[in-house]
Amino acid sequence: MTLMQLSAIHHWLLDHKDARPLEFHTWDGVLTVWLMGWLGAPAELLLDEPWGVVACALALLVPRSYVGLRARLHRRGTLRCDWLHLRGPVDTPAA
């Protein structure tokens, strides 16, 4: 996901914070983990901690995974997600 997509989702959730507080705080947590991945990676590389580098790399995938999970649940009708259109066009695998 691009920074613009992350920002668009965040601003949408910020505008609807009163109606969806749990969704807003969950997204805030997702962004916090993502930021920890970006900030922790250089430190883990300097400290030569391979598992820390792996954990930071996985943290960078959290926003994309969360949005993907929300999209799957929305398609199945399990969970309504009004901000999915903000993620932009979805990459479709070549057949």
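Residues numbered from 1 in each chain as written. Predicted model: local features only at pLDDT ≥ 70, side-chain atom pairs only at ≥ 80, totals over all residues. Heavy atoms only, no water.

Student: Teacher, can you tell me more about the packing of helix 2 (residues 21–46) against helix 4 (residues 62–76) here?
Tutor: To describe two helices that pack against each other, one gives the angle between their axes and the distance between the axes. Following both chains from N to C, one finds helix 2 and helix 4 inclined at 150°, their axes separated by 8 Å at the closest point. Contacts from Glu-23, Thr-26, Trp-27, Val-30, Val-33 and Trp-34 of helix 2 reach helix 4 at Val-62, Pro-63, Tyr-66, Val-67 and Arg-70. In terms of residue class, the contact of helix 2 with helix 4 is built from eight nonpolar, one polar and two charged. (Axes fitted to C-alpha atoms, helices over the stretch in contact; angles between N-to-C directions. Helix = DSSP H or I, 4+ residues; strand = E, 2+ residues; numbered from the N terminus. Contact = heavy atoms within 4.5 Å. Nonpolar A, V, L, I, M, F, W, Y, C, P; charged D, E, K, R; others polar.)

Student: Can you walk me through the nonpolar core in this structure?
Tutor: Burial of nonpolar side chains together is a common tendency in soluble globular proteins. Ile-9, Leu-13, Trp-27, Val-67, Trp-83 and Leu-84 are the most contacted members of the largest nonpolar core, which totals 15 residues. Sorting the residues of this core by element identifies helix 1 (3–15), helix 2 and helix 4 as the ones contributing at least two each. The leading source of residues in this core is helix 2, at five residues. Excluding its chain neighbours within four sequence positions, the residues that come into contact with Val-67 are Met-1, Ile-9, Trp-27, Trp-83, Leu-84 and Arg-87. (Core = buried A, V, L, I, M, F, W, Y, C linked by side-chain atoms within 4.5 Å. Buried < 20%, exposed > 50% of the residue type's maximum accessible area, 1.4 Å probe, protein only.)

Student: Hey, could you run me through the pattern of salt bridges in this one?
Tutor: When the charged atoms of two side chains with opposite charge come close together, those side chains can pair. Using the criterion set out here, one finds four salt bridges in the structure. The salt bridge partner of Glu-23 is Arg-20, with a shortest N-O separation of 3.6 Å. For Glu-23, a relative accessible area of 13% puts it in the buried group. Here Asp-82 ties to Arg-20 by a salt bridge, and the two come within 2.5 Å at their closest N and O atoms. (Salt bridge = Lys/Arg side-chain N within 4 Å of Asp/Glu carboxyl O.)

Student: Is there a simple way to explain helix 1 in this structure?
Tutor: Because an α-helix completes one turn every 3.6 residues, residues spaced three or four positions apart along the sequence face the same direction. With 13 residues, helix 1 ought to run about 18 Å at 1.5 Å a step, and its terminal C-alpha atoms sit 18 Å apart, in line with that. Those residues of helix 1 lying buried are Gln-5, Leu-6, Ile-9, Trp-12 and Leu-13. Considered in projection along helix 1, the buried side chains sweep an arc of 130° and stay on one side of the axis. Along helix 1, the residues that are exposed and aim more than 90 degrees away from the buried face are Leu-3, Met-4 and Asp-15. For helix 1, the elements touching its buried residues are helix 2 and helix 4. (Expected span 1.5 Å × (residues − 1). Arc of directions from axis to C-beta.)

Student: Looking at this structure, I do not really get the packing of aromatic side chains. What am I missing?
Tutor: The geometry of two aromatic rings is summed up by the distance between their centres and the angle between their planes. Under the criterion given, the structure shown has four aromatic pairs. Both rings, one in Trp-27 and one in Tyr-66, keep their centres 5.9 Å apart while their planes meet at 45°; by these two values the pair is tilted. Here Trp-27, found in helix 2, pairs with Tyr-66, found in helix 4; they are 39 residues apart in sequence, far enough to count as distant. As far as the burial class goes, Trp-27 and Tyr-66 line up, both buried. In this structure an aromatic cluster arises from ring pairing among Trp-27, Tyr-66 and Trp-83. (Phe/Tyr/Trp six-rings, centres within 6.5 Å; stacked < 30°, edge-to-face > 60°.)

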